[in-house]
Amino acid sequence: MECIIGKDKFPLIKFENDRYTHIFPVTKYQFERYIWESERAPDINYDDMLKTNPRISPEEVSKKKLNPLFITNITFREASDFARWMKGRLPVRDEIEVIYNCLGSIKVSNIFDSIKKSRDMDRRCSVVLSKMLSIFPHGTVKDIIENSKIEELCSTMSDMPSSIYTYTCNKHRWYYVGKNDTCDSRIEDAVFRVVIDKDNT
């Protein structure tokens, strides 16, 4: 298993060829780093985003408190801006099954062993990984995501009209937008991840 640490100081895993994706959907801690460092930060009303899914500390993460870990109530535009800040993009629909097959084969314990010594990683990520390891000692990343019952955003390269569509893969629901990523409708319960080509790392 090959991992890298992204600009957000959280790990990404190699899932196909030279493409990497976040191990877990983007957390509030990663989004906060983006707000601090990005020129687009003034356009984001973070307090409003937290109203439907309040922030918790890494130490509070538990099996019943997984959803508050991730950033939600986000638009495609905001998610895409975050991805561009990381020199990446949202996953496209054709990558979804490949990503989830990869996540289903990776145990949390293996991830922790691979990156726990990294000096580049955010301290809060270490805490979250330790928590995940205690909650799912023999589980895979896919197990954690399915347990949280979250839905994810992706994009499409098709010429479908610019609107929000849904797609189900392995009982996991994904939202995607046609034509472009400028849709400003907030999706309350959806999270997102980033895909990065190695040339951009």
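Predicted, not measured: the structure shown is a model, and the values here were computed from it.

Rules used throughout
Along each chain, residue indices are assigned from 1 in the same order as the chain's sequence is written. For a predicted model such as this one, the threshold for reporting local features is a pLDDT of at least 70, and the threshold for listing and counting side-chain atom pairs is 80 or more; totals across whole chains, interfaces and linings nevertheless cover every residue. As a convention, hydrogens and water are excluded, and side-chain values are obtained from all of the structure's heavy atoms. Going along the chain from the N terminus, every DSSP run of H or I of four or more residues is numbered as a helix, and every run of E of two or more is numbered as a strand. Whether a residue is buried, partly exposed or exposed follows from its accessible area with a 1.4 Å probe, protein chains only, as a fraction of its type maximum: under 20%, in between, or over 50%, in that order. Each accessible area is a Shrake-Rupley result for a 1.4 Å probe, and residues are judged covered by the shown protein chains and nothing else. In protein, a polar contact means a hydrogen-donor-capable atom and an acceptor-capable atom, both N or O and within 3.5 Å, with residues adjacent in sequence counting only if both atoms are side-chain atoms; elsewhere, any N or O pair within 3.5 Å suffices. Salt bridges, as used here, are contacts in which a Lys or Arg side-chain nitrogen is within 4 Å of a carboxyl oxygen on Asp or Glu. To form a nonpolar core, buried Ala, Val, Leu, Ile, Met, Phe, Trp, Tyr and Cys residues must be joined to one another through side-chain atoms within 4.5 Å. Whether two residues touch is decided by their heavy atoms; if any such pair falls within 4.5 Å, the residues are in contact. Directions drawn from the helix axis to the C-beta atoms are what define this arc. Only a pair of cysteine sulfur atoms within 2.5 Å counts as a disulfide in this structure description. In predicted models, pLDDT denotes the confidence assigned by the predictor to each residue on a 0 to 100 scale. Only when DSSP finds a minimum of two bridges between them are two strands counted as paired. Angular values range over 0 to 180 degrees, each being the angle between N-to-C directions of two axes fitted as lines to C-alpha atoms, with helices fitted over their stretch in contact. Each angle is binned into one of four classes, with values under 35 degrees roughly parallel, values over 145 roughly antiparallel, values of 65 to 115 roughly perpendicular, and all other values oblique. Under the scheme applied here, ten amino acids are nonpolar (Ala, Val, Leu, Ile, Met, Phe, Trp, Tyr, Cys and Pro), four are charged (Asp, Glu, Lys and Arg), and all others, including Gly, are polar.

Bringing the overall build of the chain into the picture now. When helices and strands are tallied, the chain shows 7 helices and 8 strands. Burial statistics for the chain: of 201 residues in total, 54% are counted as buried. For the chain, the exposed area adds up to about 9700 Å²; of that, 44% sits on carbon and sulfur atoms.

Here the focus is the side chain of asparagine 53. Within the secondary structure layout, asparagine 53 lies in the loop between α2 (46-50) and α3 (76-85). Engagement of the side chain of asparagine 53 in a polar contact is seen with the backbone oxygen of asparagine 67, the distance being 3.1 Å.

Overall, the coordinates contain 11 salt bridges when judged by the stated rule. The partner of arginine 55 in a salt bridge is glutamate 32, with the nearest N and O atoms 2.6 Å apart. Taken together, the residues arginine 55 in the loop between α2 and α3 and glutamate 32 in helix α1 (residues 28-37) connect sequence positions 23 residues apart. Exposure remark for arginine 55: the relative accessible area of 37% places this residue in the partly exposed category. With its nearest N and O atoms 3.5 Å apart, the salt bridge here joins glutamate 32 to arginine 124. Taken together, the residues glutamate 32 in helix α1 and arginine 124 in helix α6 (residues 123-135) connect sequence positions 92 residues apart.

Moving on to the environment of serine 185. Structurally, the position occupied by serine 185 is in the loop between β6 (172-177) and β7 (190-191). Here the alpha-carbon distance between serine 185 and threonine 75, two residues 110 residues apart in the chain, equals 5.6 Å.

Counting residues in hydrophobic clusters, the biggest one holds 29 residues, and the most contacted among them are Phe24, Leu69, Leu103, Met132, Val141 and Ile144. Looking at this core, the elements with two or more residues in it are β2 (11-16), α4 (96-103), α5 (108-115), α6 and α7 (141-148). Setting aside its immediate chain neighbours within four residues, leucine 103 contacts Ile13, Ile23, Thr140, Val141, Lys142, Ile145 and Arg193.

Let's shift gears to α4. Listed as buried for α4 are Ile96, Ile99, Tyr100, Cys102 and Leu103. Projection of α4 onto a plane perpendicular to its axis shows the buried side chains occupying an angular sector of 155 degrees, all on one side.

What follows concerns the state of the cysteines. Overall, the coordinates contain 0 disulfides when judged by the stated rule. Sulfur of cysteine 3: no disulfide; nearest cysteine sulfur belongs to cysteine 102 and is 9.3 Å away. Residue classification places cysteine 3 among the partly exposed residues on the basis of a relative accessible area of 21%.

Next up on the list: the confidence of the model for the chain. For the chain, per-residue confidence averages 77 on the pLDDT scale, and 75% of positions sit at 70 or higher. This stretch, residues 157-165, has a pLDDT under 50; its non-local contacts, to residues over four places away or in other chains, come to 26 contacts.

As a further point, take the pairing of β2. In this structure, strand β1 (residues 3-5) lies alongside β2, joined through 3 bridges in antiparallel fashion. In the strand pairing of β2, isoleucine 4 is matched with leucine 12. In this structure, the hairpin formed by β1 and β2 is closed by a connection of 5 residues, where lysine 9 is found at a positive phi of approximately 70 degrees. Here β2 runs beside strand β3 (residues 19-22); their pairing, made up of 4 bridges, is antiparallel. Paired with glutamate 16 across the bridge in β3 is arginine 19. From the end of β2 to the start of β3, which pair antiparallel, there are 2 residues, and asparagine 17 there has a positive phi angle of about 50 degrees.

It is worth spelling out the packing of α1 against α3 at this point. Orientation of α1 relative to α3, taken along the N-to-C sense of each, is 75 degrees, at an axis distance of 11 Å. The orientation of α1 relative to α3 falls into the category roughly perpendicular. Taken together, the residues of α3 that come into contact with α1 (itself represented by Gln30, Phe31, Arg33, Tyr34 and Glu37) are Asp81, Phe82 and Trp85. Its residues assigned to classes, the contact of α1 with α3 comprises 4 nonpolar, 1 polar and 3 charged.

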